[in-house]
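Analysis of the macromolecular model
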Amino acid sequence: MDFSRFLADDFEVKSWVNGAFRAGQQDAPGKVDAHAATLVMKLQLFIQEVNNAVEETSHQALQNMPRVLRDMEALKQEATFLKEQMILVKEDIKKFEEDTAQSMQVLVEIDRVKSRMQLAAESLQEADKWSTLSADIEETFKTQDVSVISAKLTSMQSSLAMLVDTPDYSEKCVHLEALKNRLEALASPQIVATFNAQSADQAKVFVKVFTEIDRMPQLLAYYYKCHKVQLVAVWQDLCQSDLSLDRQLTELYDTLLGTWHLQLQWAMQVFKNPHEIVTVLVIQTLGALVPSIPVCLSTAMERAGQETKLTKLLELYDTTLHFAQGLEVAMLPNLQEHNLVKVMELVEVVYGPYKPYQLQYGDLEEENLLIQISAVPLEHWEVIDCVQELNHSVNKIFSLASAAIDNCMKLTDGLGVCGLLKALRALFAKYASDFTNTLQSVRKKCKLDDISSDSLFQEDWTAFQNSIRIITTCGELLRQCGDFEQQLANRILSTAGKYLSDSYSPCSLSGLQDVSLADKKSTGKNPWQEFNYLQKENPAEHASLLETLYTLKEKGTSNHSLLSASRTALTRLNQLAHQLAFDSVFLRIKQQLLLISKMEGWSSGGIGETLTDDLPNFSLTPLEYISNIGQYIMSLPLHLEPFVTQEDSALELALHAGKLPYPPEQGDELPELDNMADYWLGSIARATMQTYCEVILQIPELTVHSTKQLATDIDYLINVMDALGLQPSRTLQNIVTLLKTKLEDYRQTAKSMPRRLASTIATMRGLEY
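What you see is a predicted model, and the numbers here were worked out from it, not measured in a lab. (Residues numbered from 1 in each chain as written. Predicted model: local features only at pLDDT ≥ 70, side-chain atom pairs only at ≥ 80, totals over all residues. Heavy atoms only, no water.)

**Observations regarding the overall build of the chain**
Tallying secondary structure elements over the chain gives 28 helices and zero strands in all. Surface accessibility of the chain: about 42,600 Å² in total, with carbon and sulfur atoms responsible for 54%. (Helix = DSSP H or I, 4+ residues; strand = E, 2+ residues; numbered from the N terminus. Areas by Shrake-Rupley, 256 points an atom, 1.4 Å probe, with all protein chains shown as cover.)

What follows is the structure, encoded as structure tokens:
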């Protein structure tokens, strides 16, 4: 039996009993009573054993208690004795300190005097040493041994440091500097020869010597001068050659890059900070070029024609950019070993010549784009040629605009975005102006503004077909404009987004300050990538750039208004094209309507006047002018349907973006808006009815017969409208009602009509109203 379960914290009587009986059932099934008796007996025996163990343990504890008490008492007495001894030791220490304090003070004073005496003795020794060295230095110079002379001068320099408080200290300093100058002059031919011969061992000797005499900057000046003279000579030879400037720059940059790698390997054997020294060498070389690179660039720009100026600048800049990228690749593996201030200075020197042109990039690009777009002819003698050129010009203008983006990103690395946007707006404004002029020319060629009422009626759909093609061109313009704006926003954010700090806020000046601080810190990353000429040279434009970037970042590149004015101008072109197409269709109708006012039969007696007034209306037939109009309108769907049902996304876009004149009257049903053919048909029909009403109201006088004839003509037009599923205008319905109304019923009928209209019709019919 396992009695350890009784010691468990979670012991439960019921669980133990049930478990014991389950075990008994497995060993001897059916003998529950016998098993229970056995368990009881075992438990009684176990209880007896426990009682015996407790009794024995208690007895032992009682026997050991007196001994424990005696041990505790002895420990207490020892602790008391230790405390008394500690007090005695403390008193002895205190007494010793009081007795020896004065003696220690005396020892301190003696030590201070000793230190002063030693310092004085050293000063006297150094003074004597200075005198000895000063006397021997001339003999040393006669040896012409630079190392020996340097050692003497170093010793003199150490001696002089001990003589700071002497009266003639300044004179000694002057004397020592003069001796250093003599040593430098003595060693200069050897230094130049060493640097020219690239002798690393001899150069190390001079580095050691000049370091000891604190003349390392002078030694570096010799190093820079030796190599600078050679590199400047290479540049002057290139300038006198017949090579173009971009080839001259390429050769110079290749030489400088090769010098960088060679001199870095050599300088690493000689100097402690080789990367900084070679960086300064390139900086000084670029600054010492004669003629300087800025002068050469200026001359090249003056010689270049207006149309090639920007292209020439980009070619030259590409050469410099290639050189800068080569230096960056060379520096990048060991950038942490470079003096980043000097690297930034090198970046400034390399890109500096282009800074004036980068700052005026917007003007250069605008001038370039306007020259390019002026070379795109839109105007031609034949209308069909104009239409074709307008269509071809779409790809040309967006090709120019895309090239402008590439130019901006290449020349300014995104910093010229404000100038780019200005140039693009100028480009689209000029294009929209030329496009508008071409549309005006097409109108004149199609004689849409010269309405001749005497001409014979003949259908000519050529102008309308050409107009539809122009509308398609406008749709393509709008589609490509949307795509281009998206491309522009993405390029701006991907290229120039690095200039926008996370802490930037356009609403506070502190945000601008945070940006500048972040930019200063970021120069520790890679000065070649952090170069920002705009922030210092044109803060206002830089702030505008950051605001543009912030807007693009916050609103997203698909929700922006970078070229909203240009998009509006292109939408206006689409509207002008719609007006052109509408006028080309409506011209024939308007010509026929203008014949009405010139007809003499309205107010004078004609053939029909000999007939009785009671002649039924159905005996009258529509006149020729309204028959021509009706037939023309009935043929409209045949000509409209092919243009709006063909699957042309550009045409569909333009048709939905454009608006036609004579919109539906307020309250009318507008099912035609779902179908562009019906929309056009409805607009032309409303224009016809409104113009018809205007012309009718200009008739001075109507006879009884002409009143019936006019009502017949109007009924015919209304029937045409009904046949086409179009709703006649209220004014036209009112006019025909007033024309048909009998004299005795006119006043009553006119009450529900517009007063001016009723009065005018009454005057025309000669009624008193």
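**Side note on the nonpolar core**
Of all hydrophobic cores here, the largest spans 187 residues; its most connected members are F271 and Y692. The biggest single contributor to this core is helix α14 (residues 383–412), with 14 residues. Beyond its immediate sequence surroundings of up to four residues, F271 is in contact with F195, V207, M216, L220, Y223, W266 and I277. (Core = buried A, V, L, I, M, F, W, Y, C linked by side-chain atoms within 4.5 Å. Buried < 20%, exposed > 50% of the residue type's maximum accessible area, 1.4 Å probe, protein only. Contact = heavy atoms within 4.5 Å.)

**Some points on the pattern of salt bridges**
Within the structure shown, the criterion is met by 15 salt bridges. The salt bridge involving K430 is made with D434; its shortest N-O contact spans 2.7 Å. With K430 and D434 both in helix α15 (residues 417–445) and four residues apart, the pair spans about one turn of that helix. As a salt-bridge pair, R479 and E476 come within 2.4 Å of each other at their nearest N and O atoms. Taken together, the residues R479 and E476, both in helix α16 (residues 462–496) and three residues apart, mark about one turn of the helix. According to the relative accessible area criterion, R479 is partly exposed, its value standing at 33%. (Salt bridge = Lys/Arg side-chain N within 4 Å of Asp/Glu carboxyl O.)

**Re the packing of α16 against helix α23 (residues 649–657)**
Between α16 and α23, the shortest axis-to-axis distance is 7 Å and the interhelical angle comes to 90°. The angle between α16 and α23 places the two elements in the roughly perpendicular class. Residues I468, I471, T472, C474, G475, E476, L478 and R479 of α16 pack against A650, L651, L653, A654, L655 and A657 of α23. Residues of the contact of α16 with α23, tallied by class, amount to 10 nonpolar, two polar and two charged. (Axes fitted to C-alpha atoms, helices over the stretch in contact; angles between N-to-C directions. Parallel < 35°, antiparallel > 145°, perpendicular 65-115°, else oblique. Nonpolar A, V, L, I, M, F, W, Y, C, P; charged D, E, K, R; others polar.)

**A closer look at the environment of F210**
Within the secondary structure, F210 is located in helix α5 (residues 200–212). What makes F210 buried here is its relative accessible area of 1%. C-alpha of F210 to C-alpha of K180: the two residues are 30 residues apart in sequence and 9.4 Å apart in space.

**Points about the packing of aromatic side chains**
Following the criterion strictly, the structure yields 20 aromatic pairs and no others. Seen from their ring centres, F195 and Y223 are 5.4 Å apart, and the 75° between their planes marks the pair as edge-to-face. You can see F195 sitting in helix α4 (residues 169–197) and its partner Y223 sitting in helix α6 (residues 216–239), a full 28 residues away along the chain. You'll find F195 and Y223 in the same group, each marked buried. Ring geometry for F582 against F586: centres 5.7 Å apart, planes inclined by 25°, an arrangement best described as stacked. Here F582 pairs with F586, and both are found in helix α21 (residues 564–593), just four residues apart, close to one helical turn. Of the two residues, F582 and F586, neither departs from the other in class, the shared state being buried. (Phe/Tyr/Trp six-rings, centres within 6.5 Å; stacked < 30°, edge-to-face > 60°.)

**A word on the packing of helix α8 (residues 274–288) against helix α11 (residues 340–351)**
Taken N-terminus to C-terminus, the directions of α8 and α11 make an angle of 25°; their axes are 10 Å apart at the nearest point. Taken as axis vectors, α8 and α11 run roughly parallel relative to one another. Like other packed secondary-structure pairs, α8 and α11 cross with a definite hand, here left-handed. Facing E276, T279, V280, V282, I283 and L286 of α8, the residues of α11 in contact are K342, V343, E345, L346, V349 and V350. When grouped by side-chain class, the residues that make up the contact of α8 with α11 number eight nonpolar, one polar and three charged. (Left-handed = near helix turned anticlockwise from the far one by under 90°.)

**A closer look at a nonpolar patch on the surface**
Residues M65, V68, L69 and M72 make up a contiguous nonpolar surface patch of roughly 390 Å² in combined accessible area. Following the sequence through the fold, V68 ends up in helix α2 (residues 32–142). What makes V68 partly exposed here is its relative accessible area of 40%. (Patch = residues over 30% accessible without salt bridge, like charges linked within 9 Å, V, L, I, M, F, W, Y side chains within 5 Å.)

**A short note on the environment of A20**
Within the secondary structure, A20 is located in helix α1 (residues 13–27). Considered as a pair, A20 and A36 are 16 residues apart in the sequence and their alpha carbons are 9.2 Å apart. Not counting residues up to four positions away in its chain, the partners in contact with A20 are H35 and L39.

**Observations regarding the side chain of T438**
Its location among the elements puts T438 in helix α15. The exposure class assigned to T438 is buried, which follows from its relative accessible area of 2%. Setting aside its immediate chain neighbours within four residues, T438 contacts L378, E379, C386 and L390.

**Digging into the environment of L710**
Tracing the backbone shows L710 in helix α25 (residues 704–723). L710 sits in the buried class, given a relative accessible area of 0%. Along the sequence, L710 and I696 sit 14 residues apart, while their C-alpha atoms lie 8.7 Å from each other. Each residue touching L710, except ones within four places of it in the same chain, is listed here: W602, Y625, Y692, I696, I699, L702 and L739.

**Quick look at unusual backbone geometry**
With an omega of -5°, the peptide bond between V290 and P291 qualifies as cis. Residue position: P291 is located in the loop between α8 and α9 (293–303). Positive phi, close to 55°, is recorded for D413, a residue that is not glycine. Secondary-structure assignment places D413 in the loop between α14 and α15. Accessibility expressed as a relative area gives 29% for D413, which makes it partly exposed. Phi is positive for Y662, close to 55°, though the residue is something other than glycine.

**Considerations on the confidence of the model for the chain**
Looking at the chain as a whole, the pLDDT averages 83, with 85% of positions reaching at least 70. Low pLDDT, under 50, characterises residues 509–523; the predicted model gives this stretch 18 contacts beyond four residues in sequence or across chains. Counting interchain partners and residues more than four positions distant, the pLDDT-below-50 stretch residues 606–613 has seven contacts. (pLDDT = per-residue confidence, 0-100.)

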